[in-house]
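Each chain is listed here by its residues.
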Amino acid sequence: IYLPATHDRPFDESFDQHWLYYLYGINTCNRGKYPIQANGAIFNVQDGWQYWGSMYWWFNSSRQTLTPVFEQANHPELADPYFSMLTRQFPRINQVAIQQFGCGNDAIWIQETFAFDGPEVLPEKNRPNAKTRSDWESRWGGAGPSLLYNTAEAAQWYWERYEYTGDMAWLKDRAYPMLKGVAELYRTYPGTKLEADGKYHINNTSWAETYRDNVRDCINDLASIRGMFPVAIKAAKLLKIDAELVPLWQDMLDKLAPYPTSADPNGMGVLQLAGEPVYAIGIGDDKRPGSDPDPRMMMVNIFDLLNTETKAARPDEWQLAMNTLSAMNLGRRVTNVKNEDEVNRFFGTMARMGSAEWVKKCFDAMVRHWKNKHDPWPSFPNRIREYNPEGGFALDWQHDGTFSEGLCQALLQSGAASPGGTPVIRVFPAWPKDMDASFSLRTKGDFLVTSLMKSGQVDFIE
């Protein structure tokens, strides 16, 4: 990525320098047997002590730090430690879905926080009391013992690796067990019920760190089903296996409850600016607004459910998503002069929605943040930023990871109008026309795309 207007500016004003720094940092660290943690990686300045303990933190170290940006950067090998870790864990994440919830034999469950070698497989008799286990692990307390949707996100990245490569061996041996595992998790989860209204509802799940075990029709769970069931069905048909499961998955997909919105009297986590319709997090009695930076909009930032391609096909749904994003604290921070530290979590989502206007606002907010001399997270000359100065962590890569994802998505997309659909390659789909740029990035279908925008015109595509 080359952005001539900022390339030679100081680091706190240069977008492509942040992109290069992020790739360089991950390249130095993420080539081992296990993926790195966001909180220091191998650059740990506290004699090996980890402020967040020894668990792998999904939200921080996967969604925030890895993301599928490596496929687009044409360095997929940098995500290999992540895939290798989860594939090695497969027997354990399969058993924990059965033991924790009583799900079917093919279900899998990936927790929010878990040990690098996977969850403990419990004995059939005399199982340990939760009080004898660390509640840093989600299973025993942590970030929600019934938070399911991480599993779908993990499997989506396996599917995207197939979409980028077309590798049938990868689909058969590595991706499909994960896709099937997600579908069976939701299909056989005890809280999944076909109710009197003829709809499948998902009861008693968790959302982020706010709502635990009391959410009905959590928006992330419904998005996970809508995002993953179509690709599980497509993969099963491509591989000519599990023909008996396909109609069961399709039936649940066809009859799934709608997303909760502000129109629901018991909508949870509703954020509104001016009374416009927005999505809710779920249905329940808890009236707290919910943690703002956490993943409210998985249908946009993870799955091909709402994106640039759906803007014309389903404008009302697209507008509902934009209302929701604009009402979030993150959306308001984009136009504020302070507290922009987490705006980059918002950046990729707005890019995937095809909004050059919001991408430009995010750029401006990031420069304000990088230049903010009152930033409570001190920066050092080697560009490693200390995340929790009171605890003594080094290196916060979460923000450069999500910033880099948004940068890529603003420049080049290869999304589909629906999960499992045909990807459409778009150059500069959310790029401000007053910013010259050029790039060489990879798309689904294994194309390396090189393009140039100058004075608002696309001059070259290869």
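Just above, that's the structure.
For the structure given in this document, a descriptive report is provided here. (Residues numbered from 1 in each chain as written. Predicted model: local features only at pLDDT ≥ 70, side-chain atom pairs only at ≥ 80, totals over all residues. Heavy atoms only, no water.)

## What about the overall build of the protein chain?
Along its length, the protein chain carries 16 helices and 13 strands. Counting all 462 residues of the protein chain, 61% fall into the buried class. Long-range contacts, defined here as pairs at least 24 residues apart, represent 64% of the contacts in the protein chain between residues at least 6 apart. Carbon and sulfur atoms provide 52% of the accessible area of the protein chain, an area that totals close to 18300 Å². (Helix = DSSP H or I, 4+ residues; strand = E, 2+ residues; numbered from the N terminus. Buried < 20%, exposed > 50% of the residue type's maximum accessible area, 1.4 Å probe, protein only. Contact = heavy atoms within 4.5 Å. Areas by Shrake-Rupley, 256 points an atom, 1.4 Å probe, with all protein chains shown as cover.)

## Focus: the pattern of salt bridges
Counted by the stated rule, this structure contains 23 salt bridges. A salt bridge links Arg426 to Glu309; its shortest N-O distance comes to 2.5 Å. Within this pair, whereas Arg426 is found in strand β10 (residues 426-427), its partner Glu309 is found in the loop between α10 (298-301) and α11 (310-313), the two being separated by 117 residues in sequence. Relative accessible area serves as the criterion here: at 37%, Arg426 is assigned to the partly exposed category. Within this structure, Glu71, Asp80, Arg161, Arg442 and Asp446 form a network of salt bridges that share partners. (Salt bridge = Lys/Arg side-chain N within 4 Å of Asp/Glu carboxyl O.)

## With respect to empty space enclosed by the protein
Per the counting criterion, the structure on display carries 4 cavities of 30 Å³ or more. Of the voids in this model, the largest cavity is the one considered here, and its volume is about 500 Å³. Looking at the largest cavity, it is lined by 38 residues, and the ones nearest its centre are Asn301, Ile302, Gly348, Arg352 and Glu405. Where the lining of the largest cavity is concerned, the elements lending two or more residues are α2 (58-63), α3 (69-72), α6 (149-165), α14 (344-352), α16 (398-411) and β9 (412-413). Counting residues per element, the lining of the largest cavity draws most heavily on α14, which supplies 6 residues. For the lining of the largest cavity, the residue count by class is 15 nonpolar, 13 polar and 10 charged. (1 Å grid on protein atoms, 1.4 Å probe; cavity = no way out; pocket = protein on both sides within 12 Å on 5 of 7 lines; lining within 4 Å. Points joined across faces, edges and corners; volume = space filled by probe spheres on them. Nonpolar A, V, L, I, M, F, W, Y, C, P; charged D, E, K, R; others polar.)

## Details of the pairing of strand β13 (residues 457-461)
Here 4 bridges tie strand β12 (residues 447-454) to β13, and the two strands are oriented antiparallel to one another. Across the sheet, residue Leu452 finds its bridge partner in β13, namely Phe460. Here β12 hands over to β13 after 2 residues, with Ser455 in that stretch at a positive phi of 55°. (Pairing = 2+ DSSP bridges.)

## Some thoughts on the sheet that holds β12
On the basis of which strands lie adjacent, the open sheet formed by 3 strands has the order β11-β12-β13 and antiparallel pairing. Of all the strands in the sheet, the pair left with one neighbour each is β11 (437-443) and β13. The sheet shows a mean angle of 25° between the axes of neighbouring strands, taken without regard to direction. (Axes fitted to C-alpha atoms, helices over the stretch in contact; angles between N-to-C directions.)

## As for the nonpolar core
Residues Leu86, Met299, Leu407 and Trp431 are the most contacted members of the largest nonpolar core, which totals 131 residues. Sort the elements by how many residues they give to this core and helix α8 (residues 219-239) lands first, with 12 residues. (Core = buried A, V, L, I, M, F, W, Y, C linked by side-chain atoms within 4.5 Å.)

## Some remarks on the environment of Lys287
Turning to its location among the elements, Lys287 is positioned in the loop between β8 (282-283) and α10. For the pair Lys287 and Gly267, spaced 20 residues apart in sequence, the C-alpha to C-alpha distance is 8.3 Å. Ignoring any residue separated from it by four or fewer positions in sequence, one finds Lys287 in contact with Pro265 and Asn266.

## Some words on the packing of α6 against helix α7 (residues 168-188)
When two helices pack together, their arrangement is given by the angle between their axes and by how far apart the axes lie. Across the interface, α6 lies against α7 with an axial gap of 9 Å and an inter-helix angle of 155°. Taken together, the axes of α6 and α7 are roughly antiparallel relative to one another. Judged by the twist between their axes, the crossing of α6 over α7 is left-handed. Contacts from Tyr149, Thr151, Ala152, Ala155, Tyr158, Trp159, Arg161 and Tyr162 of α6 reach α7 at Met168, Trp170, Leu171, Arg174, Ala175, Met178, Leu179, Val182, Leu185 and Tyr186. (Parallel < 35°, antiparallel > 145°, perpendicular 65-115°, else oblique. Left-handed = near helix turned anticlockwise from the far one by under 90°.)

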